[in-house]
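Per-entry structural report
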Amino acid sequence: EAGAGILGGCCGTDPSYIRALTTYTKGIPVKQRESGACRYLTSERRTLSFGLRDRLIIIGERINPTGKKKLQEQLREGNLDLVLDFAGEQEACGAGILDINMGMSGIDEKERMVQAVSEVSAITDLPLSVDSSHVDVIEAALRRYPGRALINSVSLESGKAEKLLPLAKKYGAMFILLPLSDAGLPKDQEEKTAIIEEIVSRALEAGLRTEDIVVDGLVATVGANPGAALDTLETIRYCRERGLASVCGLSNISFGLPERGFV
């Protein structure tokens, strides 16, 4: 009556108890609860829930060797000290999710990714985003990760959707939908919307839900395209009306501009 959906026993419970429990509860309907279309990511020790009306959640993306020579040197040595420092610093600064990217030359990316996921999970309660261009690296991380991860990302490039959507379903992951195809950046809002709808359709066919999808607004720099910010806002508006969560790389808007910190 309180709303339990599963009843059972613990160690020391004998078959007669389970039999009596079954007899007593036979025919009692299980109460169905509305989820409220919430989205959930989890770490080993924490659940992060968010809906379309909730506050902004920051994804920390510093754990990425691109342009970081010291981090690259440590990763080649198998040293994750800087990775763990970045994780702690970003959590202290208010990040709600941590992105892990080990993409660089000269290392076994899969080995480093699994190592990083394991060690970062041990020092933070924040859910992780698994970021790689290689499907096998993402699957290795999902298999090891003790929670519900965010896949970064699924696009229409080179058969990525066909390979990654079944993995999202298999490992119960949420994923970022990146509206790109082999043709590159969408030439206009109409093409971007078409790519979003195509990937959403494939995800639903694979057994996923709209609540499992976070659409990337695809921020471009206003230095090269004065309408870039408006395009991103239009994508976010479309997603909101469509019932889809959205995300965007905020710093991309200011590439090439002076005083980027202020922008």
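The structure under discussion appears in the preceding block.
Residues numbered from 1 in each chain as written. Predicted model: local features only at pLDDT ≥ 70, side-chain atom pairs only at ≥ 80, totals over all residues. Heavy atoms only, no water.

Next up on the list: helix H6 (residues 160-171). Along its 12 residues, H6 runs 16 Å from first to last C-alpha, staying within 8% of the 16 Å computed at 1.5 Å per residue. Of all the residues in H6, the buried ones are Lys160, Ala161, Leu164, Leu165, Leu167 and Ala168. End-on view of H6: buried residues confined to an arc of 160°, all on one side of the axis. Away from its buried face, by an angle of more than 90 degrees, H6 presents the exposed residues Lys163 and Lys170. With its phi angle positive at about 70°, Gly172 sits one or two positions after the end of H6. (Helix = DSSP H or I, 4+ residues; strand = E, 2+ residues; numbered from the N terminus. Expected span 1.5 Å × (residues − 1). Buried < 20%, exposed > 50% of the residue type's maximum accessible area, 1.4 Å probe, protein only. Arc of directions from axis to C-beta.)

Take the pattern of salt bridges next. As a working rule, side chains carrying opposite charge can pair if their charged atoms are close by. On inspection of all chains with the given rule, the structure shows 15 salt bridges. Residue Glu111 pairs with Arg112 through a salt bridge whose shortest N-O separation is 3.6 Å. Of the charged contacts in the structure, one is a salt bridge between Glu234 and Arg237, with a shortest N-O distance of 2.4 Å. With Glu234 and Arg237 both in helix H8 (residues 228-242) and 3 residues apart, the pair spans about one turn of that helix. Of the residues examined, Arg237 reaches a relative accessible area of 35% and is grouped as partly exposed. (Salt bridge = Lys/Arg side-chain N within 4 Å of Asp/Glu carboxyl O.)

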